[in-house]
Amino acid sequence: MRTSLDSTGPDARIPVAIHASDPLSLAGATTQLRQQPAIELVDEASGRPGTVAVLLADALDEPTLSQLRRLVRIDGTRAVLVAGLIREAELLQVIESGVAAIVWRHEATGHRLLQAVIAASRGEGDLPSDLLGRLISQVGALQRKATSSPGAPASGLSTRELEVLQLVAEGMDTAEVARKLSYSERTVKNVMHGLTTRLHLRNRAHAVAYAFREGYI
């Protein structure tokens, strides 16, 4: 999912805390992000409101997944995961833990990290296109399995919510969805906020996973 960088400037700096298990990864991410005027690096224990956590991991073991869940569910932080590998069995766990954006380590330039941090700070999703395809396939398989069983859920989404979710699932950002549907950006944001709040979803990526899993899109 893409996002525009235009509305973020020096007067609206985003606090970012970097979490890394090894000093080389920490130093590399710090160097990349320190060069971005829109970002203010803060200590991981600062507790600043609106902080985005950037968590670096080669692979996702249980301690890393637990750390992600703690950051998002307990601390209320918006998280960006920078990973070298995400296995099929881990993908839904990562999304449902509340991660807002994922960046592959080999693509983690300063600009790419900034893009992901901005998306996370806005409550938007930012997934690599290959991961989005894997997510759609995975939740589609789960949905087909669920609908083959009795007790499939009744639809609880409005027409407007379905329209917005379908375009978000295609990778569109807020501005693109607004133009496509002839809505204001505020309307699109309100639709997504109402949807995620009502269904207790953590972010756009989680909403897309939910919609596919439940058979809405």
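Anything mentioned here points back to the structure above.
Here goes a summary of the coordinates provided. Just so it is clear, the model here is predicted, and its values are computed rather than measured.

## Topic: the packing of aromatic side chains
Here is step 1: Tallying each qualifying case throughout the model produces zero aromatic pairs.
Here is step 2: The ring of Tyr183 is capped by Arg160, whose NZ or CZ atom sits 4.8 Å from the centre of that ring.

## Overview of unusual backbone geometry
Here is step 1: Although it is not a glycine, Ser182 adopts a positive phi angle of roughly 60 degrees.
Here is step 2: Assignment of secondary structure puts Ser182 in the loop between helix H7 (174-181) and helix H8 (185-198).

## Things to note about the packing of helix H6 (residues 159-169) against H8
Here is step 1: Where H6 contacts H8, the axes come no closer than 10 Å and their chain directions differ by 100 degrees. Relative to H8, the element H6 is oriented roughly perpendicular. In this structure, H6 contributes Arg160, Glu161, Val164, Leu165 and Val168 to the contact, and H8 contributes Thr187, Val188, Val191, Met192, Leu195 and Arg198.
Here is step 2: Classifying every residue of the contact of H6 with H8 by side-chain character gives seven nonpolar, one polar and three charged.

What counts as what
- Residues numbered from 1 in each chain as written.
- Predicted model: local features only at pLDDT ≥ 70, side-chain atom pairs only at ≥ 80, totals over all residues.
- Heavy atoms only, no water.
- Phe/Tyr/Trp six-rings, centres within 6.5 Å; stacked < 30°, edge-to-face > 60°.
- Lys NZ or Arg CZ within 6 Å of the ring centre and 35° of its normal.
- Helix = DSSP H or I, 4+ residues; strand = E, 2+ residues; numbered from the N terminus.
- Axes fitted to C-alpha atoms, helices over the stretch in contact; angles between N-to-C directions.
- Parallel < 35°, antiparallel > 145°, perpendicular 65-115°, else oblique.
- Contact = heavy atoms within 4.5 Å.
- Nonpolar A, V, L, I, M, F, W, Y, C, P; charged D, E, K, R; others polar.

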